[in-house]
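These are the residues of each chain, in order.
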Amino acid sequence: MKPPHTRREFLSRSAAAVLSSKLFPGIESASAKTHSGNAVASSGAAPRRIIIDTDPGVDDAMAIFLALRSPELKVEAITAVSGNVPLDLTLPNALRLAEIAGRTDIPITGGASVPLVRRLITAKYVHGSNGLGGVDFPEPSLKPVAETATQLISRLVRANPGGITIVAIGPLTNIGTLLRSDPEIARLIPQIVIMGGSLSGGNITPAAEFNLYVDPEAARIVFDSGIPLTMVGLDVTEKVLLREEHIVMLERVQNPVSQAAGKIMRATLNRAHRGIDATVIAMHDPLTVASLIDPQLLKLQDYYVEVETEGEFTAGMTVGYAHAPVRPSAPRANANPPQPDPDSSFHPNAKVAVGVDPDRFFNLLMSRLTS
Ligand code: RIB
Ligand code: CA
């Protein structure tokens, strides 16, 4: 049976199914499996081509360094978005990071400066006023390319249909904007790996994780797109907290990436010690990138994920259904009666990370940043 194509169809079907007291046969929730996306490059295989959409951001910095130091990945572009700090900081930060890593060959540009329909809420309290922990780095000499983020992503994806994975480690405004303006491009994107969401509570509100909190409407476009998604949420990223020993390792190695990473994370750890939530040094974004390098890092499970956009206190919340029925909230008495839904099967839209191997992750992260 075809999955519902539109939100309205989905909601009317689900509500009808419930109202008609149709009992959906228990769908065996997909057994947790390791990352089973496209074959990740292993030794000798061609590198996985990726575009990183990012809001650097201290953990974004670690993620970008990891990606640029990993032969399993080929970074085709880096696009900046507003999030942790405004775009007028995230874009120059992305340029600085590529320059520090000696990768001035990669096209970098900026995208959305504000969310689709909401005011921008930043996380300066976590990432420092400049987005890199407050650490002063020289102005980048590298310049952004002339294209906007959506133009650059669209050009690269259309030139390489099915060949480029999008790694989204900031609010999804750029990706949502691209899909809204050019829905057809969805079929040319083999996978989007998202740092975002949570099935176990939020980090900026009790309900929502920051990236989806900033732009729930953009996130909903992405989760409704039909593109194969991997959601790396707080359920696993809050289990990989950088420690003092890691920062000492970074500080001891005399290479530009390790030194820069050490400075950024030392400043961030100091901030954490000054009482900000300890998960401020969670390696959210690096774990997301690492999952493409080593598929064994994460255990994934199929979910149907809905993004809350109407909640007064829950906007950005990811509601994960592990099996059918996918019930929306009870319809209001004045709502039209929903149409009956003959389809009782389960249509997951994301592989959600439900387990992580922290030691394996930190071995990978530290070996790449200090090599
Ligand atoms: O909630 C964590 C996410 O929000 C990470 O991507 C971090 O960089 C912030 O953007
Ligand atoms: Ca980020």
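The model shown is predicted, which means the values in this text are computed figures rather than measured ones.

Rules and cut-offs
- Residues numbered from 1 in each chain as written.
- Chains lettered and ligands numbered in written order.
- Predicted model: local features only at pLDDT ≥ 70, side-chain atom pairs only at ≥ 80, totals over all residues.
- Heavy atoms only, no water.
- Helix = DSSP H or I, 4+ residues; strand = E, 2+ residues; numbered from the N terminus.
- Contact = heavy atoms within 4.5 Å.
- Phe/Tyr/Trp six-rings, centres within 6.5 Å; stacked < 30°, edge-to-face > 60°.
- Buried < 20%, exposed > 50% of the residue type's maximum accessible area, 1.4 Å probe, protein only.
- Lys NZ or Arg CZ within 6 Å of the ring centre and 35° of its normal.
- Near = heavy atom within 4 Å.
- Polar contact = N/O pair within 3.5 Å; in protein donor to acceptor, adjacent residues only side chain to side chain.
- Expected span 1.5 Å × (residues − 1).
- Axes fitted to C-alpha atoms, helices over the stretch in contact; angles between N-to-C directions.
- Left-handed = near helix turned anticlockwise from the far one by under 90°.
- Nonpolar A, V, L, I, M, F, W, Y, C, P; charged D, E, K, R; others polar.
- Donors = N, O, S within 2.8 Å, 3.2 Å for Na, K, Ca; no water.
- Pairing = 2+ DSSP bridges.
- Right-handed = clockwise from strand over helix to strand, strands pointing away.

Participant: How would you explain the environment of valine 75 if you had to name every residue and give the values?
Facilitator: One can find valine 75 in strand 3 (residues 73–80). Expressed as a C-alpha distance, the spacing of valine 75 and isoleucine 64, which sit eleven residues apart in the sequence, is 9.2 Å. Discounting residues that sit within four places of it in the chain, valine 75 has contacts with Ile50, Ile52, Ala67, Leu68 and Ile106.

Participant: Run through the packing of aromatic side chains, naming residues and quoting values.
Facilitator: Considering all chains together, one arrives at two aromatic pairs under this definition. Centre to centre, the rings of tyrosine 304 and tyrosine 321 are 6.2 Å apart; their planes meet at 50 degrees, and the pair counts as tilted. Of this pair, tyrosine 304 sits in strand 8 (residues 298–307) while tyrosine 321 sits in strand 9 (residues 318–321); the two residues are 17 residues apart in sequence, bridging distant segments of the chain. Using a relative accessible area of 12% as the deciding quantity, one classes tyrosine 304 as buried. Take tyrosine 321: its relative accessible area is 16%, and that puts it in the buried class. Stacked on the ring of phenylalanine 362, the Lys or Arg arginine 243 has its end atom at 5.6 Å from the ring centre.

Participant: Hey, could you go over the site of ligand 1 for me, with residue numbers and the actual values?
Facilitator: In the vicinity of ligand 1 lie 13 residues, with Asp59, Asp60, Asn203, Glu209 and Asp285 positioned nearest. A distance of 3.0 Å separates an oxygen atom of ligand 1 from a polar atom in the side chain of aspartate 55. At 2.9 Å, a backbone N or O of isoleucine 169 approaches an oxygen atom of ligand 1. Every element with two or more residues in the shell around ligand 1 is listed here: helix 2 (58–68), helix 7 (210–214) and helix 12 (284–293).

Participant: Describe the environment of alanine 168, and please don't skip the residues or the numbers.
Facilitator: If you trace the backbone, alanine 168 turns up in strand 5 (residues 165–168). For alanine 168, a relative accessible area of 0% puts it in the buried group. Sequence separation between alanine 168 and aspartate 53 is 115 residues, and the spatial gap between their C-alpha atoms is 4.8 Å. Not counting the four nearest positions on each side in its chain, alanine 168 is found in contact with Asp53, Ile175, Ile192, Val193, Ile194 and Met195.

Participant: Lay out helix 11 (residues 256–273) with the relevant residues and their values.
Facilitator: Each α-helix winds once per 3.6 residues, and so residues spaced three or four apart point in a common direction. Across its 18 residues, helix 11 extends 26 Å between first and last C-alpha, which sits within 8% of the 26 Å expected from 1.5 Å per residue. Where burial is concerned, most of helix 11 is hidden: 13 out of the 18 residues are buried. Phi turns positive, to about 105 degrees, at glycine 275, one or two residues after helix 11.

Participant: Break down the packing of helix 2 against helix 3 (residues 87–100) for me, citing the residues and quoting the values.
Facilitator: Relative to each other, helix 2 and helix 3 sit at 40 degrees, their axes nearing to 10 Å. In terms of crossing hand, the pair formed by helix 2 and helix 3 is right-handed. Across the interface between the two elements, Ala61, Ile64, Phe65 and Leu68 from helix 2 touch Leu97, Ala98 and Ile100 from helix 3. Here the contact of helix 2 with helix 3 is built from residues that sort into seven nonpolar, no polar and no charged.

Participant: Give a description of the coordination of the calcium ion (ligand 2) that names residues and reports values.
Facilitator: Looking at the metal site, the calcium ion (ligand 2) is ligated by Asp55 (OD), Asp60 (OD), Asp60 (OD), Ile169 (O) and Asp285 (OD), spaced 2.2 to 2.6 Å from it. Read from N- to C-terminus, the donor residues coordinating the calcium ion (ligand 2) fall into the pattern D-x4-D-x108-I-x115-D. With a gap of 230 residues between them, aspartate 55 in the loop between strand 2 (48–54) and helix 2 and aspartate 285 in helix 12 connect regions that are remote in the sequence. Across this residue pair, the class does not change: aspartate 55 and aspartate 285 are buried.

Participant: Can you explain the pairing of strand 3? Please cite residues and give values.
Facilitator: Two faces make up the sheet, and in a regular strand the side chains alternate between them. Where burial is concerned, most of strand 3 is hidden: seven out of the eight residues are buried. Relative to strand 3, strand 2 runs parallel, the two sharing seven bridges. When the bridges of strand 3 are listed, arginine 48 appears paired with leucine 73. For the handedness criterion, the β-α-β arrangement of strand 2, helix 2 and strand 3 is classed as right-handed.

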